[in-house]
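Chain by chain, the residues run as shown.
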Amino acid sequence: MAEDYRQMWTELGLDLPSHDALLGVLGQAYGDIYLAQKDRPEGMQYFDFVMSEVHGLRIKELRDAQGNDRKVIGSFCVFVPEELILAVDGISVGLCAGTEFGFDKAEEVLPRNTCALIKSAFGFKLGKVCPYVESSDMIVGENTCDGKKKSYEILKDLVNNLFVLDLPQMKSEAGKALLKAEYQRFAKALEELSGKKITMERLKKGIELVNLKRKAIHRLSDLRKNNPVPISGLDALLINQVFFYDDPVRFTASVHKICDELEDRVKQGQGFRAKETPRILVAGCPMAVPNWKTPWIIESSGAVIVGEESCVGERGTQWLTDESGDTVDKLMDNLVERYFQIDCAVFTPNPTRLEHIKELAKKYHAQGVLHYNLQFCQPYQIETGPVEKALEDEGIPVLRIDTDYSQEDAGQIKTRVEAFIERIGDGR
Ligand code: BJ8
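Residues numbered from 1 in each chain as written. Predicted model: local features only at pLDDT ≥ 70, side-chain atom pairs only at ≥ 80, totals over all residues. Heavy atoms only, no water.

1. Description of the sheet that holds strand β7 (residues 368-374)
Strand order in the open sheet made by the 4 strands is β6-β5-β7-β8, with parallel pairing throughout. Single-partner strands in this sheet number two, and they are β6 (304-309) and β8 (398-403). Across the sheet, the axes of successive neighbouring strands diverge by a mean angle of 25°, strand direction being ignored. As judged from the 5 bridges shared by strand β5 (residues 279-284) and β7, these two strands associate in the parallel manner. From the neighbouring strand, G284 faces β7, where its bridge partner is Y372. Contacting β5, β6, β7 and β8, helix α14 (residues 293-300) runs over the sheet at an angle of about 150° to β6. Most of the contacts of helix α17 (residues 351-363) go to β5, to which it runs at about 160°, and overall it touches β5, β6 and β7. (Pairing = 2+ DSSP bridges. Helix = DSSP H or I, 4+ residues; strand = E, 2+ residues; numbered from the N terminus. Axes fitted to C-alpha atoms, helices over the stretch in contact; angles between N-to-C directions. Contact = heavy atoms within 4.5 Å.)

2. Some remarks on helix α16 (residues 328-339)
If you check α16, its first and last C-alpha atoms are 16 Å apart, about what 12 residues at 1.5 Å a residue would give, namely 16 Å. Residues of α16 that are buried: L331, M332, N334, L335, V336, R338 and Y339. (Expected span 1.5 Å × (residues − 1). Buried < 20%, exposed > 50% of the residue type's maximum accessible area, 1.4 Å probe, protein only.)

3. Considering the pairing of strand β4 (residues 162-165)
Here strand β3 (residues 138-142) runs beside β4; their pairing, made up of 4 bridges, is parallel. In the sheet register, G141 faces β4, and the bridge partner there is V164. In this region the chain leaves β3, passes through helix α9 (residues 146-155) and returns to the parallel neighbour β4; the handedness of that crossover is right-handed. (Right-handed = clockwise from strand over helix to strand, strands pointing away.)

4. A look at the layout of surface pockets
Within this model, the second largest pocket holds a volume of roughly 360 Å³. Considering every element that reaches the lining of the second largest pocket, the biggest residue donor is helix α2 (residues 16-35), with 5 residues. Along the lines of polarity and charge, the residues of the lining of the second largest pocket split into 11 nonpolar, 4 polar and 3 charged. (1 Å grid on protein atoms, 1.4 Å probe; cavity = no way out; pocket = protein on both sides within 12 Å on 5 of 7 lines; lining within 4 Å. Points joined across faces, edges and corners; volume = space filled by probe spheres on them. Nonpolar A, V, L, I, M, F, W, Y, C, P; charged D, E, K, R; others polar.)

5. What about the packing of aromatic side chains?
Following the criterion strictly, the structure yields 15 aromatic pairs and no others. Look at F79 and F347: their rings are 5.9 Å apart centre to centre, the planes differ by 40°, and that puts the pair in the tilted class. Of this pair, F79 sits in the loop between β1 (72-75) and α5 (82-87) while F347 sits in the loop between α16 and α17, placing them 268 residues apart in sequence. Each of the two residues, F79 as well as F347, counts as buried. The interplanar angle of 90° and the centroid separation of 5.6 Å between the aromatic rings of F243 and F251 together place this pair among those described as edge-to-face. For F243, a relative accessible area of 9% gives the class buried. Among the aromatic residues, those joined into a cluster by ring pairs are Y46, F47, F243, F244 and F251. The side chain of K213 reaches across the aromatic face of F243, ending 4.1 Å from its centre. (Phe/Tyr/Trp six-rings, centres within 6.5 Å; stacked < 30°, edge-to-face > 60°. Lys NZ or Arg CZ within 6 Å of the ring centre and 35° of its normal.)

6. Remarks on the packing of helix α11 (residues 200-223) against α16
When two helices pack together, you describe them by how their axes are tilted relative to each other and by the distance separating the axes. Axis separation between α11 and α16 bottoms out at 9 Å; the angle between their running directions is 25°. Our classification of the angle between α11 and α16 gives roughly parallel. As for the relative orientation of α11 and α16, their crossing is left-handed in sense. Each of M200, L203, K204, I207 and R214 in α11 lies in contact with α16, whose residues at this interface are V328, L331, M332, L335, R338 and Y339. (Parallel < 35°, antiparallel > 145°, perpendicular 65-115°, else oblique. Left-handed = near helix turned anticlockwise from the far one by under 90°.)

Okay, here's the thing in C-alpha cells:
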C-alpha cells in the first residue's frame, strides 16, 4: 500500500522514513502473530484488510469525509461518547497506541516511568508517524489517571485543538452531575467545530448507531461462551480494536458476518482449539493496536482467551444507551446513565469492577483470570490486589502480569503463563 499513499502521508506531515519503519514492524508482527494462526474464520479477512489499510484507505476515507464537511475527532478513552460525535455527523477515531515506537522522543517530554500507553501516544505524535492524530480536527483528552491528566498539559502545545473532559472520580450524584455538565460542554464544542446543531433526531440516530455496533460485539462475545470456543482471543481482540477505527455501519455488518460463520462453527462443534483447552479471561489495562504480546503468549502456550475485561473489550462495550426520550436533554441523561457505569480503575472506591470480573469469569466459563497491568499504571496495579482477593475467594485462580510494550520480558512472562495454564488445566 505504501506507494499509493505517500503523497497523502506527506501532506499530513508524517516523517516518511520513520513511518515506513513503523509499518514494517507492524506488518511483521501482524504476519507472525495473526496470519500464522491456523483455521481462522474467513470473516477475519475483512479485519485483516482493515489492518493492512489502517494507515492507507481508512485515512483516505477520513480525508474524503473532511472534504464533505465532516470532522474527525480523535480520543483516548471510552468515556468520550461517540454518540455525540455522530450527532454532528463527525467521525470518531481512537488514538491510543500499543508499540514503543518513538519512546525516545516521548521520554524527552515525559518521565520514563510513565505508562507505555501514554508514552506511545506521545511517541506517535512527536515521531510524526500517526496519520490519525494528524487527521484529527479535535483531540479529546480526559481527566482520568494522573499520567493522562498531566500529560495533556503538554499535549495541548503539540496539537491544534485539544479539548479536555473533566471526568468524575467517584460514583456519586455530584459525580454524575459533573459528567452531564461535561458532556454538555463537549456537545457545545462539537457544535461549534462542526457548525451543526445537535438535535434530538441526530442524537437519537447516533445512539442507535453505536448501540448497533455494541450489539454486534455482544453477539461475538456470546459466541465465545461456547466450548470449544469458535474464535481465538487474538482475533476477537483485533475486532475489539478495530471497533475504534472503522466506519460504524460497515464494522457492524462485518461483525455480524463473522458471527454467522462462528454460529455455523459452533453447530458443527468446530473450535479454535480442542474442548479441553484451558480458558482464560484477561482483565485490566486496555490493549491498543499492536499490543498483542500477552494474548499471543497466552494462546501460543496452549490456552484460549474467552473474554477481555478491558476498555478494548467488555468494559468499553458492555452497556447499551437507552434510546427512549424525545428531547436532547433526556437523551443526554441516557448517555450519562450509560457511561457512568464504566468501572475504570480511576474511580474510588470501585467495587462494581470486582463484581463484573467475577461475573465475566463465570459467564465465559473461564478457569483462570490473567490480570494485565501496564507498568506505572497505578490505578490498575493497585486494584489488582482486591481483584485477586475477590476472585480467589470464589476459587478462581489469578495470574498477575505487570509489563510494558517491550519484548524483553516475553520469555519470563511465557514461563509464568505456562505454569498458570498447567495449574488451571489441572483444576488446582
Ligand atoms: S476508562 S481504562 S480508556 S482511562 S494504562 S493511561 S489508566 S496509567 S487507559 Fe483508560 Fe478511559 Fe479508564 Fe478505560 Fe492511565 Fe493506566 Fe496508562 Fe490507562
